[in-house]
Amino acid sequence: MNTQKSSQEFKQAKQVIPGGVNSPVRAFKSVGTTPIFIASANGAYIQDVDGNKYIDYVQSWGPLIFGHSDELSIQAASSALNNGLSFGAPTTIETNLASQIVSLFDNIDKIRFVNSGTEAVMSAIRLARGYTNKNNIIKFEGCYHGHSDCLLVEAGSGAVTFGNPSSSGVPKSFTDHTMLAHYNDIASVEKCFENSDDIACIIIEPIAGNMGFIPADKEFLSGLKKLCEKNGALLIFDEVMSGFRADLRGATGVYGIEPDIVTFGKVIGGGMPVGAFASTNEIMAVLSPDGSVYQAGTLSGNPVAMSVGESVISRLIQNPDIYKDLEVKAKRLTTGLKEQASKYNVPFQSNAIGSMFGFFFNKNQVKNFEDAKNSDTKLFAKFHKHMLDNGIYLACSAYESGFISTAITNEMIDKTIMIASDFFKSI
Ligand SMILES: *Cc1c(COP(=O)(O)O)cnc(C)c1O
């Protein structure tokens with residue numbers, strides 16, 4: 001596959017953009033190659049600047065559940081565009097989208113729109129702290145909640161439950177209120193509560209997609225809910241990725257467990273920059289302008305973004321069976337890959353819920369970040385290159401999830417499995 005123009009474009013980008021990209025994962029560093037530059041995309045396919053076409057399982061990292069250049073989304077954007085790009089004043093379209101989302105959940109009365117998942121989570125945590133009048137938060141190793149200071153933490157030494165900054169530029173004191181626990185390990189969360197009576201909230205990806213794809217155990221999530229109730233803390237489900245992806249009602253739909261606050265992003269903007277956080281009337285009452293927890297945004301609730309979001313969410317609500325169809329396809333892919341891997345004795349784990357899927361080159365089941373880190377990432381890098389060279393665009397890291405859109409067909413999935421099989425055979 002000729003990717004000469006992409007290489008050239010990447011060189012030029014690196015002159016004027018740090019690392020050549022506006023979000024680090026796009027640099028393909030963890031697979032040891034260089035990114036392809038995209039010219040356009042349609043349905044299940046993206047096309048690069050050299051004219052190569054790929055079946056895309058990344059879908060802009062999750063938002064595009066109806067595939068690329070989805071006609072109705074583009075129509076919604078264009079008709080909104082005709083009325084103006086932004087007003088910085090309320091519009092009916094915001095209320096429409098809010099009503100649709102709120103109507104889906106018994107535990108949500110109100111929703112506030114922002115511009116990214118990072119913002120949604122940052123604001124949700126401030127809200128939890130403001131509501132509880134407590135300072136500490138618990139997060140889980142391997143979960144990603146955007147790039148705000150207090151969430152860029154990694155495990156500290158030994159028995160300490162408080163984390164250290166995982167990025168330079170974050171003062172140690174900014175993470176002094178962030179406690180780290182192990183995913184799917186309720187004892188590690190109990191230990192945090194034993195160490196502190198100042199815990200405002202637990203934040204979790206209930207269906208984790210940022211350490212590879214690892215769904216939480218149901219008992220673990222209900223354990224978190226009980227611990228929160230007992231200790232006067234709030235449970236935040238970060239569903240920026242899993243919301244409207246794993247199920248119409250995200251993890252709440254999958255597990256039947258209701259958090260106190262939910263964050264959304266990705267699919268709710270359908271490819272436009274949107275995030276949101278939502279909760280009950282009582283909790284949302286402390287948010288400005290009604291309450292004392294400050295939060296704001298010049299472009300929040302942008303009319304073009306809201307129109308696309310409304311187009312996507314309303315169609316998902318009208319066609320809830322979409323998730324069953326997408327899950328059948330996701331499982332066709334993951335079981336097909338697993339079958340081919342075992343045929344050639346390649347250690348392989350896979351999983352799927354709704355339109356989300358993931359796999360690890362690992363001989364053991366993967367339940368947390370420790371397990372995920374024991375996967376063969378070198379083998380993944382080779383696999384990624386083989387797939388890319390053969391027209392299959394997968395996330396460029398062993399610790400990401402994959403996505404099925406309605407544009408992906410069984411034929412495309414079977415083709416993907418055959419191409420993977422060639423790789424398994426060759427190693
Ligand atoms: C993508 C993601 C975020 C961050 O969203 P951005 O829009 O990239 O800021 C936060 N939480 C989860 C679970 C995500 O997957």
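Residues numbered from 1 in each chain as written. Predicted model: local features only at pLDDT ≥ 70, side-chain atom pairs only at ≥ 80, totals over all residues. Heavy atoms only, no water.

**Looking at the overall build of the chain**
Worth spelling out the cut-off: Numbering goes from the N terminus for both helices and strands, where a helix is a DSSP run of H or I of at least four residues and a strand is a run of E of at least two. For the radius of gyration, the atom set is restricted to C-alpha positions; the globular benchmark scales as 2.2 Å times the number of residues to the power 0.38. Between buried and exposed lies partly exposed: a residue is buried under 20% and exposed over 50% of the maximum accessible area for its type, with that area taken using a 1.4 Å probe on protein chains only. Between two residues, a contact is recorded if the distance between any of their heavy atoms is within 4.5 Å. Only the protein chains shown count as covering a residue, and every accessible area follows the Shrake-Rupley method with a 1.4 Å probe. Think of it this way: Lys and Arg go in the positive column, Asp and Glu in the negative one, and His and the chain ends go nowhere. For charged residues, the charge sits on one atom: NZ in Lys, CZ in Arg, CG in Asp, CD in Glu.
Broken down by element type, the chain carries 13 helices and 18 strands. A compact globule built from 427 residues would reach a C-alpha radius of gyration of about 22 Å, and the chain, at 21 Å, matches this within 12%. For the chain, the spread of C-alpha atoms along the principal axes amounts to about 55 × 55 × 45 Å. Going through the 427 residues of the chain one by one, you find that 55% of them count as buried. For the chain, the share of sequence-separated contacts (at least 6 apart) that also reach a separation of at least 24 residues comes to 71%. Split by element, the accessible area of the chain, about 18,300 Å² in all, is 49% carbon and sulfur. With 36 positive and 43 negative side-chain charges, the chain shows a separation of 6 Å between the mean positions of the two kinds.

**Re the site of the ligand**
So the rule is basically this: Throughout, near means a residue has at least one heavy atom within 4 Å of the molecule or strand. As used in this structure description, the phrase polar contact means that two N or O atoms lie within 3.5 Å; if the pair is within protein, one of them must be able to donate a hydrogen and the other to accept it, and residues adjacent in sequence are counted only when both atoms belong to side chains. Throughout, the ten residues Ala, Val, Leu, Ile, Met, Phe, Trp, Tyr, Cys and Pro are labelled nonpolar, Asp, Glu, Lys and Arg are labelled charged, and all others, Gly among them, are labelled polar.
The environment of the ligand is made up of Ser116, Gly117, Thr118, Tyr144, His145, Gly146, Glu205, Asn210, Asp238, Val240, Met241 and Lys266. Asn210 is positioned such that a nitrogen or oxygen atom in its side chain is 3.0 Å from an oxygen atom of the ligand. Notes on the ligand: free accessible area 380 Å², of which the protein chains cover 83%. Tallied by class, the residues present in the shell around the ligand amount to three nonpolar, six polar and three charged.

**What to know about the packing of helix α10 (residues 322–343) against helix α13 (residues 410–426)**
Selection criterion: Axes here refer to lines fitted to C-alpha atoms; in helices the fit is confined to the stretch in contact. Angles between the N-to-C directions go from 0 to 180 degrees. The scheme is simple: roughly parallel for angles under 35 degrees, roughly antiparallel for over 145, roughly perpendicular for 65 to 115, oblique for anything else. Note on convention: the crossing is left-handed when the near helix lies turned anticlockwise from the far helix by less than a right angle, right-handed when the turn is clockwise.
Remark: α10 packs on α13, axes separated minimally by 9 Å, with the N-to-C direction vectors making an angle of 20°. Judged on the interaxial angle alone, α13 and α10 are roughly parallel. As α10 runs across α13, the sense of the crossing is right-handed. In this structure, α10 uses Lys329, Arg332, Leu333, Gly336, Leu337, Gln340 and Ala341 to contact α13, whose residues at the interface are Asn410, Ile413, Asp414, Thr416, Ile417, Ala420, Ser421 and Phe424. Here the residues of the contact of α10 with α13 are counted per class, giving seven nonpolar, five polar and three charged.

**Some remarks on the side chain of Thr175**
Inspection of the secondary structure assignment puts Thr175 in the loop between β7 (164–165) and β8 (178–181). If near-sequence neighbours (up to four positions away) are discounted, Thr175 is found in contact with Asp149, Cys150, Leu152, Val153, Gly163, Asn164, Pro165 and Val170.

**So, the UniProt feature "modified residue: N6-(pyridoxal phosphate)lysine" (unreviewed entry) in the chain**
Formally: UniProt positions are given in the numbering used here, feature names are shortened, and annotations may be inferred rather than shown by experiment.
Under the feature "modified residue: N6-(pyridoxal phosphate)lysine" (unreviewed entry), the UniProt entry names Lys266. Residue class for Lys266 comes out partly exposed when judged on its relative accessible area of 23%. When residues no more than four places from it in sequence are discounted, the contact partners of Lys266 are Trp61, Gly62, Pro63, Val240, Met241, Gly271 and Val274.

**Examining the packing of aromatic side chains**
Put simply, the rule reads: The pairing test for Phe, Tyr and Trp rings, Trp by its six-membered ring, is centres within 6.5 Å, and the orientation test on the planes gives stacked under 30 degrees, edge-to-face over 60, and tilted for anything in between. Charges are assigned to positions over rings by a cutoff of 6 Å between ring centre and Lys NZ or Arg CZ, combined with an angular limit of 35 degrees from the ring normal.
Scanning all chains against the criterion turns up 21 aromatic pairs. Ring-pair connections join several aromatic residues into one group, and the members of that group are Phe348, Phe359, Phe361, Phe380, Phe383, Phe423 and Phe424. Here the guanidinium or amino end of Lys53 rests over the ring plane of Tyr45, the centre of that ring lying 4.7 Å away. Sitting over the face of the ring of Phe66, Arg315 holds its NZ or CZ atom 4.3 Å from the ring centroid.

**Here's the deal with the pairing of strand β15 (residues 349–353)**
What counts is decided by this rule: One requirement defines pairing of two strands: DSSP has to find at least two bridges between them.
Pairing geometry for β15 and strand β16 (residues 356–360), over five bridges, is antiparallel. Along β16, the bridge assignment pairs Ala352 with Phe357. Connecting β15 to the next strand, β16, in antiparallel fashion are two residues, including Gly354 with a positive phi near 55°.

**Describing the pattern of salt bridges**
As a reminder, the rule being used: Any carboxyl oxygen of Asp or Glu within 4 Å of a side-chain nitrogen of Lys or Arg constitutes a salt bridge here.
Counting across every chain of the model gives eight salt bridges. Residue Asp70 pairs with Arg315 through a salt bridge whose shortest N-O separation is 2.7 Å. Taken together, the positions of Asp70 in the loop between β3 (53–56) and α2 (71–81) and Arg315 in helix α9 (residues 303–318) put the pair 245 residues apart, joining distant regions of the chain. A single burial state applies to Asp70 and to Arg315, both of which are buried.

**Some words on the sheet that holds strand β18 (residues 402–403)**
Strand order in the open sheet formed by three strands is β15-β16-β18, and the pairing between neighbours is antiparallel. At either margin of the open sheet sits one strand with a lone partner, and together these are β15 and β18. Across two bridges, β16 lies against β18 in antiparallel orientation. When the sheet's bridge partners are listed, Phe357 is paired in β18 with Gly402. In this fold α10 packs onto β15 and β16, with an angle of close to 175° to the strand it touches most, β15.

**Here's the deal with the sheet that holds strand β17 (residues 392–393)**
Read across the open sheet, the four strands follow the order β1-β2-β3-β17; overall the sheet is mixed. Whereas interior strands pair on both sides, the edge strands pair on one side only; in this sheet they are β1 (38–42) and β17. As paired strands, β1 and strand β2 (residues 45–48) are joined by four bridges and run antiparallel to one another. From the neighbouring strand, Ala41 faces β2, where its bridge partner is Ile46.

**Quick notes on the environment of Glu141**
Mapped onto the elements of the fold, Glu141 is located in the loop between β5 (136–140) and β6 (153–154). In contact with Glu141, other than residues within four places in its own chain, are Ala155, Leu180, Ala181, His182, Tyr183, Met211 and Phe369.

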